[in-house]
Amino acid sequence: VLCVSQDFDFFYFVQQWPGAYCDTKHTCCYPKSGKPSADFGIHGLWPNYKDGSYPSNCDPDSVFDKSEISELMSNLEKNWPSLSCPSSNGFRFWSHEWEKHGTCSESELEQKDYFEAALKLKQKVNLLQILKTAGIVPDDGMYSLERIKEAIKEGAGYTPGIECNKDSAGNSQLYQVYLCVDTSGQDIIECPVLPKGRCASDVQFAKF
Ligand code: 5GP
Ligand code: 5GP
Ligand code: 5GP
């Protein structure tokens, strides 16, 4: 049996803060179903190597098949919304994520399992609640990057990678949170390598 099996060492489970995607100079577009709730959304589950490099687009023959995720649709719309323009129902984003990243972990997770694994991981770690408990709320205020990392380490049990982008005024802000996951896609682990974050020492947590 011929089988595309691409090795990888771990996953990055990446969540995005919608306030920080939308307040950049690019702006954003809400899905037709309306403004997503003010919560972190899934960006992706990305196979990665321990040296920081990563495979992509591993299997051109495995095209995204929306019929395989029909049971997950409402869950995906809620937890994995797409905020890019033009306004999208999510299929373009999910299809992109499957083809670029998901096809590189097909040896571990079939398409439906891949999306299910990401949804389960989001449920396992309620980032917004963890931050709120630590007094870190999306109020356009400034928070120390160290405090954000400590809060997530405390609440999730593992050190996160934090990625920042800039709002339209140029302020560094909390954009994405990276957690590392074992190759089964189920268990969070300490990151073998943290992503480069581009954050200032104090960052804004934007309203959404
Ligand atoms: P893609 O992610 O499709 O490769 O990039 C599409 C476009 O999204 C990029 O050309 C870039 O201009 C834009 N982009 C990159 N980062 C952000 C962001 O944080 N917010 C928004 N709204 N657009 C972004
Ligand atoms: P950016 O240039 O905005 O950081 O990343 C653009 C795209 O490259 C991301 O949407 C993602 O698909 C991919 N990417 C960036 N950094 C990483 C990484 O560390 N690991 C993996 N697997 N993909 C990445
Ligand atoms: P990546 O290649 O980094 O995994 O994913 C980024 C791609 O997904 C870009 O082409 C971007 O236009 C598209 N995309 C669609 N919706 C979203 C969204 O809500 N957030 C981000 N970051 N990218 C999105």
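In this text the structure is predicted, and so the values were computed from the model without any measurement.

*Asks:* I'm lost on the overall build of the chain in this one. Help?
*Replies:* When helices and strands are tallied, the chain shows six helices and seven strands. Traced from its N-terminal end to its C-terminal end, the chain shows the element sequence β-α-β-α-α-α-α-β-α-β-β-β-β. A compact globule built from 208 residues would reach a C-alpha radius of gyration of about 17 Å, and the chain, at 17 Å, matches this within 12%. Considering only C-alpha atoms, the chain reaches an extent of 55 × 40 × 25 Å along its principal axes. A buried classification covers 35% of the 208 residues belonging to the chain.

*Asks:* Could you clarify how one ought to interpret the pairing of strand β2 (residues 41-48) in this entry?
*Replies:* The side chains of a regular strand alternate between both faces of the sheet. Of all eight residues making up β2, seven are buried, and the element is well covered by its neighbours. With seven bridges connecting them, strand β1 (residues 10-16) and β2 associate as antiparallel partners. Looking across to β2, one finds that Phe-10 is bridged to Asn-48.

*Asks:* Help me out: how do you make sense of the site of ligand 3 in this one?
*Replies:* Around ligand 3 lies a shell formed by Gln-16, Tyr-21, His-43, Gly-44, Ser-82, Leu-83, Ser-84, Phe-93, His-96, Glu-97 and Lys-100. For the shell around ligand 3, the elements supplying multiple residues, two or more each, are β2 and α3 (91-100). The class makeup of the residues in the shell around ligand 3 is three nonpolar, six polar and two charged.

*Asks:* How should I be thinking about the site of ligand 2 in this particular structure?
*Replies:* Taken together, Tyr-12, Trp-46, Asn-48, Tyr-54, Lys-100 and Pro-195 make up all the residues around ligand 2. Residue composition of the shell around ligand 2, by class: four nonpolar, one polar and one charged.

*Asks:* Is there a simple way to think about the environment of Pro-31 in this case?
*Replies:* Of note, Pro-31 is situated in the loop between α1 (18-22) and β2. Take Pro-31: there are 16 C-beta atoms within 10 Å of it, and that puts it in the partly exposed class. In the structure, Pro-31 is positioned 53 residues away from Ser-84 in sequence and 8.7 Å away in space, judged by C-alpha atoms. The contact partners of Pro-31, leaving out residues within four places of it in the chain, are Pro-36, Pro-81, Ser-82, Ser-87, Ser-88, Asn-89 and Gly-90.

*Asks:* Would you mind going over helix α6 (residues 145-156) with me for this structure?
*Replies:* Between its first and last C-alpha, α6 extends 16 Å over 12 residues, near the 16 Å set by a 1.5 Å rise per residue. By the burial criterion, the buried members of α6 are Ile-148, Ala-151 and Ile-152. Taken down its axis, α6 places every buried residue within 95° of arc, on the same side. In α6, the exposed residues that point more than 90 degrees away from the buried face are Glu-146 and Glu-154. Residues of α6 that are buried in the fold lie against α5 (127-133), β3 (142-144), β4 (161-166) and β5 (172-181).

*Asks:* Hey, could you run me through α3 in this one?
*Replies:* Structurally, the α-helix is built with 3.6 residues per turn, so residues lying three or four positions apart point the same way. For α3, the full list of buried residues reads Phe-93, Trp-94, Glu-97 and Trp-98. Within α3, the buried residues cover an arc of 130° as seen down the axis, which keeps them to one side. Buried-residue contacts for α3 involve β2, α2 (73-79) and α4 (111-124).

*Asks:* How do you make sense of the pairing of β4 when you look at a structure like this?
*Replies:* In this structure, β4 lies alongside β5, joined through six bridges in antiparallel fashion. Directly across from Lys-166, in β5, lies its bridge partner Ser-172. Once β4 ends, the chain turns through five residues before running back antiparallel as β5, passing Gly-170 with a positive phi of about 95°.

*Asks:* It is not clear to me how the nonpolar core should be interpreted in this structure. Could you clarify?
*Replies:* The nonpolar side chains of soluble globular proteins are, as a tendency, buried together. Among the nonpolar cores identified, the biggest contains 42 residues, and Phe-11, Phe-13, Ala-118 and Leu-174 are the most heavily contacted of them. Where this core is concerned, the elements lending two or more residues are β1, α1, β2, α3, α4, α6 and β5. Among the elements that make up this core, the one with the highest residue count is β5 (seven residues). When residues no more than four places from it in sequence are discounted, the contact partners of Phe-13 are Leu-45, Ala-118, Leu-121, Leu-179 and Val-181.

What counts and how
Residues numbered from 1 in each chain as written. Chains lettered and ligands numbered in written order. Predicted model: local features only at pLDDT ≥ 70, side-chain atom pairs only at ≥ 80, totals over all residues. Helix = DSSP H or I, 4+ residues; strand = E, 2+ residues; numbered from the N terminus. Rg over C-alpha atoms; globule rule 2.2 N^0.38 Å. Buried ≥ 20, exposed ≤ 12 C-beta atoms within 10 Å, placed from the backbone. Pairing = 2+ DSSP bridges. Near = placed C-beta within 6 Å. Nonpolar A, V, L, I, M, F, W, Y, C, P; charged D, E, K, R; others polar. Contact = placed C-beta atoms within 7 Å. Expected span 1.5 Å × (residues − 1). Arc of directions from axis to C-beta. Core = buried A, V, L, I, M, F, W, Y, C linked by C-beta atoms within 7 Å.

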